[in-house]
Amino acid sequence: MPKARIVVVEDEPAIRRGVADALRLSGYEVTEAGDGAIGFREGAAAGVDLVLLDLLLPKRDGLDVLSELRRICPTRPVIILTARGSEDDRVRGLKMGADDYVVKPFSAKELIARVEAVLRRTLRPTPDVRLVQIGAGVGTIDLHRREVRWAGGDRIDLSETEAALLKYLVANKERAVSREELLSRVWGIGTAGLETRAVDMHVARLRAKLKDPATADDQGEAIVTVRAHGYMAGPALSVPEGEL
Ligand code: CA
């Protein structure tokens, strides 16, 4: 995999260099920007994989840079660097579509972990899975047609969101996915802790639709709840060879 390209927008030279050095040591390609104007120019450039954005910046405010970035590059990942106590800015940043935030002073280790987590979920596009098997021949889900077909002949329609949610869970079958990640990747909202109940409601509806109408078997393990974290596609769902 080619090196990920990261832009560090931070006006405090010592912090900027510290962050840039830590990222380079971890194998990333780094561009440094010392004010909001340069930060926007570099952050919006083609081929950038992630932007680390301080909020209090000369020339152009960080939130202003963020909103303009969101307009021009809607899916470009942004992690906000904030000062302790500036919770309002942090919440505003997340509402405006930042993917995550790190509170200063942070350790290089914490920063790298956040960067890796964001890149892990943003660098790989969700594979376009079409067919999902339920149990051993109990039913099939066609995600393109948004339809559950049961062996007994019943057919149940899925909403666009339900199909997208299921596709994301199945494409990431090997791990638990947090509600925040589902919000940001399925709904496109880059937020943490806000409106996660919407995810629970959709999962509940999806579970009901994955209940075999003929036998009332609820496929107990179709979508597994992972306590204090989120959800995971369960053992009842499988993707035919070659679909992923
Ligand atoms: Ca600053």
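This one's a predicted model, so the numbers in the text were calculated from it and none came from an experiment.

Thoughts on the environment of Gly135
Piece 1. Turning to its location among the elements, Gly135 is positioned in the loop between strand E6 (131–134) and strand E7 (139–142).
Piece 2. Between the alpha carbons of Gly135 and Pro235 there is a distance of 7.9 Å; along the sequence they are 100 residues apart.

A short note on the pattern of salt bridges
Piece 1. Here the structure, examined in full by the defined rule, presents 23 salt bridges.
Piece 2. Across the salt bridge formed by Arg16 and Glu32, the nearest N and O atoms sit 3.2 Å from each other. With Arg16 in helix H1 (residues 13–25) and Glu32 in strand E2 (residues 29–33), this residue pair connects regions lying 16 residues apart in the sequence.
Piece 3. A relative accessible area of 13% places Arg16 in the buried class.

Focus on the domain arrangement of the chain
Piece 1. Once the domains are mapped, the chain shows domain 1 (5–122) and domain 2 (131–238).
Piece 2. For domain 1 and domain 2, the distance between their C-alpha centres works out to 33 Å.

Quick word on the pairing of E6
Each regular strand displays side chains that alternate between the two surfaces of the sheet.
Piece 1. A one-sided burial pattern is seen for E6, the buried positions being Val132 and Ile134 and the unburied ones Leu131 and Gln133.
Piece 2. Across four bridges, E6 lies against E7 in antiparallel orientation. Following the sheet pairing, Ile134 is matched in E7 by Gly139.
Piece 3. Here E6 hands over to E7 after four residues, with Gly135 in that stretch at a positive phi of 55°.

Side note on the sheet that holds E6
Piece 1. One open sheet accounts for five strands, arranged E9-E8-E7-E6-E13; its pairing is antiparallel. Strands with a single pairing partner mark the edges of an open sheet, and in this sheet they are strand E9 (155–157) and strand E13 (237–238).

Details of unusual backbone geometry
When glycine is set aside, most residues are seen to have a negative phi, and most peptide bonds are trans.
Piece 1. That bond from Lys104 to Pro105 is cis: its omega, -5°, falls within 30 degrees of zero.
Piece 2. With respect to the element layout, Pro105 can be found in the loop between strand E5 (100–104) and helix H5 (108–123).
Piece 3. Positive phi, close to 70°, is recorded for Lys59, a residue that is not glycine.
Piece 4. Secondary-structure assignment places Lys59 in the loop between strand E3 (50–54) and helix H3 (62–72).

Considerations on the packing of helix H7 (residues 179–187) against helix H8 (residues 196–209)
Packed helices, taken two at a time, are described by the angle between their axes plus the distance between the axes.
Piece 1. Running from N to C, H7 and H8 point in directions that differ by 80°, and their axes come no closer than 9 Å. With respect to H8, the element H7 is oriented roughly perpendicular. Residues Arg179, Glu180, Leu182, Leu183 and Trp187 of H7 pack against Thr196, Ala198, Val199, Asp200 and His202 of H8.
Piece 2. Class assignment of the residues belonging to the contact of H7 with H8 gives a composition of five nonpolar, two polar and three charged.

What counts, and at which threshold
- Numbers given for residues are sequential positions, taken from 1 along each chain in its written order.
- The predicted origin of the model limits local features to residues at a pLDDT of at least 70 and limits the giving and counting of side-chain atom pairs to 80 or more, whereas totals for whole chains, interfaces and linings rest on all residues.
- The side-chain quantities take in all heavy atoms of the structure and omit both hydrogens and water.
- Starting at the N terminus, helices and strands are each numbered in turn, a helix being any DSSP run of H or I of at least four residues and a strand any DSSP run of E of at least two.
- By salt bridge we mean one thing: a side-chain nitrogen of Lys or Arg within 4 Å of a carboxyl oxygen of Asp or Glu.
- For every residue, the accessible area obtained with a 1.4 Å probe (protein chains only) is divided by the maximum for its type, and the residue is called buried under 20%, exposed over 50%, and partly exposed between those limits.
- Those domain boundaries reflect an automatic or database domain assignment.
- Should DSSP find at least two bridges between two strands, the strands are regarded as paired.
- Axis lines are fitted through C-alpha atoms, for helices just across the contact stretch, and the angle between N-to-C directions can take any value from 0 to 180 degrees.
- Note on angle classes: values under 35 degrees are labelled roughly parallel, values over 145 roughly antiparallel, values of 65 to 115 roughly perpendicular, and the remainder oblique.
- Contact definition: two residues touch when any of their heavy atoms are within 4.5 Å.
- Each residue is assigned to one of three groups, with Ala, Val, Leu, Ile, Met, Phe, Trp, Tyr, Cys and Pro labelled nonpolar, Asp, Glu, Lys and Arg labelled charged, and all others, Gly among them, labelled polar.

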